Amino acid sequence: MNPFFSLIREAKKMESEKEFTRAFNLYAQSESHTKNEAALIKIKAKKAWCLYSVGNPKETEKLFQDIIDNFDHHPLSITVYSRYLIKLKKFKSARTLLLKSLIRFPSYLENYLLLASLLKEMERSDEAIEVLRQALTQEHLSNGRGVDRKDIWAELGSLYFSRGDYNSALASLKLSLKMVSEEEFANYDLLALCYLEAEDPENALNCIQLHFKYCKEIDQESLIVLARANCRLGNTEVAANNLIQAYSIEDSLYLKAADFLDFAPLLRNGFFTTLENIEWEDQ
């Protein structure tokens, strides 16, 4: 077996067991077994995180600076250092670094996504949207960690939805859906919410059912969306059962102000008086 992969596998195992010093040494050994620049950057970043985990910020910073200095021609060096800065909550420094990266490496997808995520964290969603739209103007984009244009459209959909632009959110998510097979799409729950906002409960119901079919997740929020769609379609008994299932997960239920209108039939027939721990968001 190739010693490089053996060392990396063992290092990751040690890291998962919080044996950071041993993991550091194994990563260090693996460096001599590869000349691939991306692999070396990732290994050195792993070493830096091991140092961070044992409480050595000075050496951690030094190692990340070495990555930037020695691999400044590779966009991944900026990615790994930016992630470190974000971990330290040095958001402005990370933002500045990533903005420069987009100018130097306009085809490198991962840094667009990382910057958009950072801007979202900084509550600058308009800027995040512009960054992703800029990425979509690029003729060629490298696939970062298995993500591609469909993921950009999906993230745009999420950003548009968070700022209340439901039509743009719906259009973006539908574009993302067109780029993958039905079972690969991971945003049916958000798409269902968009259809509810677009006064299209039939498509909302279809989407949330697809979410349960492919994501295999039974969570409260999705069950509430299912109940909302059923209620709008007049299936009040089914909606009540959906809410009982949601309630049973945590023996409580938190409903948002936006849910009031959809659940009006259940409010009128006294359904909610049968459940003890119901909390409604203030309107």
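Summarised in this report is the structure supplied together with it. (Residues numbered from 1 in each chain as written. Predicted model: local features only at pLDDT ≥ 70, side-chain atom pairs only at ≥ 80, totals over all residues. Heavy atoms only, no water.)

Here we come to the overall build of the protein chain. Along the backbone of the protein chain there are 16 helices and two strands. The principal-axis extents of the C-alpha atoms in the protein chain amount to approximately 70 × 40 × 40 Å. Looking at the protein chain as a whole, 45% of its 283 residues qualify as buried. Across the protein chain, every contact between residues at least 6 apart in sequence was considered, and the portion connecting residues at least 24 apart equals 50%. Surface exposure of the protein chain reaches about 15400 Å², of which carbon and sulfur atoms provide 49%. Looking at charge distribution, the protein chain has the averaged site of its 35 positive side-chain charges lying 9 Å from that of its 42 negative ones. (Helix = DSSP H or I, 4+ residues; strand = E, 2+ residues; numbered from the N terminus. Buried < 20%, exposed > 50% of the residue type's maximum accessible area, 1.4 Å probe, protein only. Contact = heavy atoms within 4.5 Å. Areas by Shrake-Rupley, 256 points an atom, 1.4 Å probe, with all protein chains shown as cover. Lys, Arg positive; Asp, Glu negative; His and termini not counted. Charge placed at Lys NZ, Arg CZ, Asp CG, Glu CD.)

A word on the side chain of D262. Among the secondary structure elements, D262 is positioned in helix α15 (residues 259-262). Judged by relative accessible area, D262 falls into the buried class, the value being 5%. Separated by 2.6 Å, the side chains of D262 and R228 make a polar contact. Those residues within four positions of D262 in sequence are excluded, and the remaining contacts are R228, C231 and R232. (Polar contact = N/O pair within 3.5 Å; in protein donor to acceptor, adjacent residues only side chain to side chain.)

Note that side chains of opposite charge can pair when their charged atoms are close. Summed over all chains, the structure comprises 16 salt bridges. In this structure, R232 engages D262 in a salt bridge whose closest nitrogen and oxygen atoms are separated by 2.6 Å. With R232 in helix α13 (residues 220-232) and D262 in helix α15, the pair connects residues that are 30 residues apart, well separated along the chain. Residue R232 is classed as partly exposed on the basis of its relative accessible area of 27%. (Salt bridge = Lys/Arg side-chain N within 4 Å of Asp/Glu carboxyl O.)

Moving on, we get to unusual backbone geometry. Although it is not a glycine, E123 adopts a positive phi angle of roughly 60°. Position of E123 among the secondary structure elements: in the loop between α7 (109-121) and α8 (125-136). For E123, a relative accessible area of 74% translates into the label exposed. Its identity as a non-glycine residue notwithstanding, E199 has a phi of 60°, on the positive side. Checked against the element boundaries, E199 lands in the loop between α11 (188-197) and α12 (201-215).

Under the defined criterion, the tally for this structure stands at 15 aromatic pairs. An aromatic cluster is built from W49, Y52, F64, Y81 and Y84, whose rings are joined through pairwise contacts. (Phe/Tyr/Trp six-rings, centres within 6.5 Å; stacked < 30°, edge-to-face > 60°.)

To continue, consider the environment of Y108. Residue placement: Y108 occurs in the loop between α6 (91-104) and α7. Aside from chain neighbours lying at most four places away, what touches Y108 is P75, L76, T79 and S142.

Before going further, it helps to spend a moment on the nonpolar core. Formed by 82 residues in total, the largest nonpolar core has its most connected members in F64, I152, L156, L243, F263 and L266. It is α7 that contributes the most residues to this core, eight residues altogether. Excluding its chain neighbours within four sequence positions, the residues that come into contact with F64 are A45, A48, W49, V80, Y81 and Y84. Counting twelve residues, the second-largest nonpolar core is a separate cluster that includes L7, A11, M14 and L26. (Core = buried A, V, L, I, M, F, W, Y, C linked by side-chain atoms within 4.5 Å.)

With that settled, the discussion passes to the packing of α6 against α7. Packed helices, taken two at a time, are described by their axes: the angle between them and the distance between them. Direction vectors running N to C along α6 and α7 enclose 150°, while the axes themselves pass 10 Å from each other. By the angle class used here, α6 and α7 are roughly antiparallel. For the pair α6 and α7, the crossing hand works out as left-handed. Residues F91, A94, R95, L98, L99, S101 and L102 of α6 pack against N111, Y112, L114, L115, L118, L119 and E121 of α7. Residue composition of the contact of α6 with α7, grouped by class: ten nonpolar, two polar and two charged. (Axes fitted to C-alpha atoms, helices over the stretch in contact; angles between N-to-C directions. Parallel < 35°, antiparallel > 145°, perpendicular 65-115°, else oblique. Left-handed = near helix turned anticlockwise from the far one by under 90°. Nonpolar A, V, L, I, M, F, W, Y, C, P; charged D, E, K, R; others polar.)

Here the second largest pocket is characterised by a volume of approximately 430 Å³. Along the walls of the second largest pocket sit 19 residues, with L193, E221, V225, R228 and K256 positioned nearest its centre. Among the secondary structure elements, those contributing two or more residues to the lining of the second largest pocket are α11, α13 and β1 (253-255). Counting residues per element, the lining of the second largest pocket draws most heavily on α13, which supplies six residues. (1 Å grid on protein atoms, 1.4 Å probe; cavity = no way out; pocket = protein on both sides within 12 Å on 5 of 7 lines; lining within 4 Å. Points joined across faces, edges and corners; volume = space filled by probe spheres on them.)

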